[in-house]
Amino acid sequence: SYSARKWAGAGRKSFKGNTASIFFKPNSSAFSGSAARGNTPWHEESASDVRILKTVQAYYPFQEKGGPVVKVRALARGLAERGHQVTVLTAGLGLRERDGYGIKVERGQWGWQFYEAGVETIYLPTRGHYRALTLNPRVVGFCRASLGRFDLVHCYGLYDLLGPAVGYFCRHRRTPYVIAPMGM
């Protein structure tokens, strides 16, 4: 596909076939080794080093914010189980003020951090909010300093300020990104 050629042409990881080979069983011409012969699960030897950033307005433990929290967490954990490096960037939503909801968070460069099932979660400090919108100024610094370490970005939602900000930096850095317009 065009996006796969563009990705490979931009100096990113080259995947034969299409970008779906990252997640679905590729044909044997996509890679060599015992996995191509069917001796081991395909994800053990193929694109197991894909670094994925997921951005979402609300994430675990904020289940009261609705279905996207559960959906993104399940997808992130599933990708981590397959050997991918997954980071979730989200709004803090007062995480520390609420005693961390009983999860063990630690202070990081960009805000609070939490590690669970191979998934790194970064909770950006929230300066203000109106309904579902939050203002997270550290997203700019994060994108300038850290966006280059990811091979692919998946933004969930268009109706907040976090996803569009990350998408803006992805376009300027030529980092491939996918948008899932969830909710309203």
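Before going into details, it helps to say that this report is about the structure given with it. Because the structure is predicted, anything quoted here is derived from the model rather than measured. (Residues numbered from 1 in each chain as written. Predicted model: local features only at pLDDT ≥ 70, side-chain atom pairs only at ≥ 80, totals over all residues. Heavy atoms only, no water.)

1. Thoughts on the pairing of strand β9 (residues 177-180)
Counted only if it meets this: Pairing between strands requires that DSSP locate at least two bridges from one strand to the other. Counting from the N terminus, the helices are DSSP H or I runs at least four residues long and the strands are E runs at least two residues long. Handedness of a crossover: with both strands directed away from the viewer, a clockwise path from the first strand across the helix to the second marks it as right-handed.
Of the pairings in the sheet, the one linking strand β8 (residues 152-156) to β9 comprises four bridges and is parallel in character. Paired with Val 153 across the bridge in β9 is Tyr 177. At this point the chain moves from β8, through helix α4 (residues 162-173), to the parallel β9, and the crossover so formed is right-handed.

2. A word on the nonpolar core
For the record, the criterion: Here the nonpolar core consists of buried residues drawn from Ala, Val, Leu, Ile, Met, Phe, Trp, Tyr and Cys, with membership extended through side-chain atoms lying within 4.5 Å. When accessible area is computed with a 1.4 Å probe and restricted to protein chains, residues below 20% of their type maximum are described as buried, those above 50% as exposed, and intermediate ones as partly exposed.
The biggest cluster of nonpolar side chains holds 25 residues, and the ones touching the most others in it are Tyr 59, Val 119 and Tyr 123. When residues of this core are traced back to their parent elements, those giving at least two are β1 (51-56), α2 (67-81), β2 (85-91), β4 (112-116) and β5 (119-124). The biggest single contributor to this core is α2, with five residues. Leu 89, Trp 110, Phe 142 and Val 153 belong to the second-largest nonpolar core, a separate cluster that totals 16 residues.

3. A closer look at the packing of aromatic side chains
This is how the line gets drawn: For this analysis, a ring pair means two rings from Phe, Tyr or Trp (six-membered ring only for Trp) whose centres lie within 6.5 Å, classed as stacked if their planes differ by under 30 degrees, edge-to-face if by over 60, and tilted for the remaining angles. Working rule: Lys NZ or Arg CZ, within 6 Å of ring centre, within 35 degrees of ring normal, means a charge sits over the ring.
For the coordinates displayed, the defined rule picks out four aromatic pairs. For the ring pair Phe 142 and Phe 150, a centre distance of 6.4 Å and an interplane angle of 35° mean the geometry is tilted. Across the pair, Phe 150 and Phe 142 agree in class, each one buried. One aromatic cluster is present, built from ring pairs that chain together Trp 110, Phe 142 and Phe 150. Above the face of the Tyr 60 ring, Arg 73 is positioned so that its terminal group lies 3.6 Å from the ring centre. Here the basic side chain of Arg 107 rests over the ring of Trp 112, its NZ or CZ set 4.8 Å away from the ring centre.

Functional significance is not addressed by these values, which are geometric in nature.
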